[in-house]
Amino acid sequence: MTIKIGIPRSLLFYNFIPFWKTFFEGIGAEVVTSGRTNKAILQDGLRLSVDEACLPVKVAFGHVEHLKDRADYIFIPRLVSVFPREYICPKFLGFPDMVRQNVRGLPGVIDTSINMYRRERDLYGQFFEIGSRICGNPFKIALAIKKAGEEMKRFTARVESGLRPDRAYGPGSPEETPDRRKNATVAVLGHPYNIYDSFINISLLKRLEDAGINVLTTDNVPEKEVNYYVSSLNKKLFWTLGRRMVGAAYHFLESPGISGIIHVASFACGPDSMTGELIERRARRTGDKPYLSLTLDEHTGEAGIVTRIEAFLDMVGMNRQSARC
Ligand code: SF4
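All values derive from a computational prediction rather than experimental measurement. (Residues numbered from 1 in each chain as written. Predicted model: local features only at pLDDT ≥ 70, side-chain atom pairs only at ≥ 80, totals over all residues. Heavy atoms only, no water.)

**Here we look at the nonpolar core**
- With 80 residues, the main nonpolar core has Phe23, Phe24, Phe127, Val188, Leu208 and Ile262 as its most contacted residues.
- Each of domain 1 (4-160) and domain 2 (185-324) accounts for three or more of the residues forming this core.
- Leaving out residues up to four positions away in the same chain, Val188 has contacts with Ile195, Leu204, Leu205, Leu208, Val215, Leu216, Thr217, Thr218, Ile262 and Val264.
- Core analysis: the next-biggest nonpolar cluster, separate from the first, contains 21 residues, Ala187, Leu216, Leu233 and Met245 among them. (Core = buried A, V, L, I, M, F, W, Y, C linked by side-chain atoms within 4.5 Å. Buried < 20%, exposed > 50% of the residue type's maximum accessible area, 1.4 Å probe, protein only. Domains from an automatic or database assignment. Contact = heavy atoms within 4.5 Å.)

Laid out in structure tokens, this is it:
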């Protein structure tokens, strides 16, 4: 019987699903994922998590709850570091323990530590350990890791060419990057679980696209470009997502093709408050692009978000008109 691995559609799902899925399928498992976030998932997340958690973590609890009866194992890696000499938010590190503590009736949990702090190639051993729990054939595991790495490279190239991660992988993903020359382009910056989860962000990307706006996000900026821009900071940013967000923001602020910037943050998120401040200061100093900061939690109302987006888009429109005069 094929073993089913459940992968919650939350936290770093949007960044690493190509690697995870290819790997598990390569060792002969079937991958099942939770559906898109909805009200029921949020309600379960709120019930199971602590009040102090940020919204993405609360939502992640809901995804585990909705997946637990459909899989033999739930994959909740203990994410420590996904980039050499950098860390990921400590909430990721403790998430598997919080889930074990609060979610009843779990199947097996695969919570192997993913820690690339010392060097990138440590990832091989960590996935080899995961594979050994499910598959007895070391050659098959090694091949699955190799294929997953290749799939991840293809995915990264597609995203860096301008596709959104949630569109760059899986059936129906477009073959080519959209032509962005005709309309205004707005950069949306934030953690992937805030930007690509349309329930969390109250359909922000869809609202922008429906208004005829092209959208680029943090993930579309190549690593080299991000590093070039953060090298101007006095101090190294040691949180991977924060570094990427700040580097992408500085890049977009200097890009003539970008007509405005939206920064999406989670309420009560320490890293977001710092990166948000860095981005806002630079945006104020550069001063020529409309800037909107949105902070999300479970109480965020649709009406407030819609009004602010509309006001932002008016500013984008006025800026473009005055640039044409
Ligand atoms: S970085 Fe912020 S939003 Fe992300 S998990 Fe940590 S506290 Fe939550």
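**As for the pairing of strand 7 (residues 185-189)**
- The element strand 7 is largely enclosed, with a buried count of five among its five residues.
- Side chains of strand 7 alternate between two faces, with Thr185, Ala187 and Leu189 and Val186 and Val188 buried alike.
- Pairing between strand 7 and strand 8 (residues 214-217): four bridges, direction parallel. Bridge pairing in strand 8 places Val186 opposite Val215. (Helix = DSSP H or I, 4+ residues; strand = E, 2+ residues; numbered from the N terminus. Pairing = 2+ DSSP bridges.)

**Section: unusual backbone geometry**
- Of note in the backbone geometry, Ser203 takes a positive phi value of approximately 60° without being a glycine.
- Tracing the backbone through its elements, the reader meets Ser203 in the loop between helix 7 (192-195) and helix 8 (204-210).
- Assessed through its relative accessible area of 24%, Ser203 is described here as partly exposed.
- One non-glycine residue, Ala268, adopts positive backbone phi at about 70°.

**Focus: the domain arrangement of the chain**
- Looking at the assigned domains, one finds that the chain contains domain 1 (4-160) and domain 2 (185-324).
- Each of domain 1 and domain 2 has a C-alpha centre, and these two points are 26 Å apart.
- Taken together, the contact pairs 25 residues of domain 1 with 24 residues of domain 2.
- When the two sides are added together, the surface that domain 1 and domain 2 hide from each other amounts to roughly 2,200 Å², 62% of it contributed by carbon and sulfur.
- For the pair domain 1 and domain 2, the number of links is three salt bridges.
- When the shortest N-O distance is used, the salt bridge between Lys236 and Glu86 registers 3.5 Å.
- With four residues, the top contributor of residues to the side of domain 1 that touches domain 2 is helix 3 (residues 55-67). (Buried area = accessible area lost by both parts, 1.4 Å probe. Salt bridge = Lys/Arg side-chain N within 4 Å of Asp/Glu carboxyl O.)

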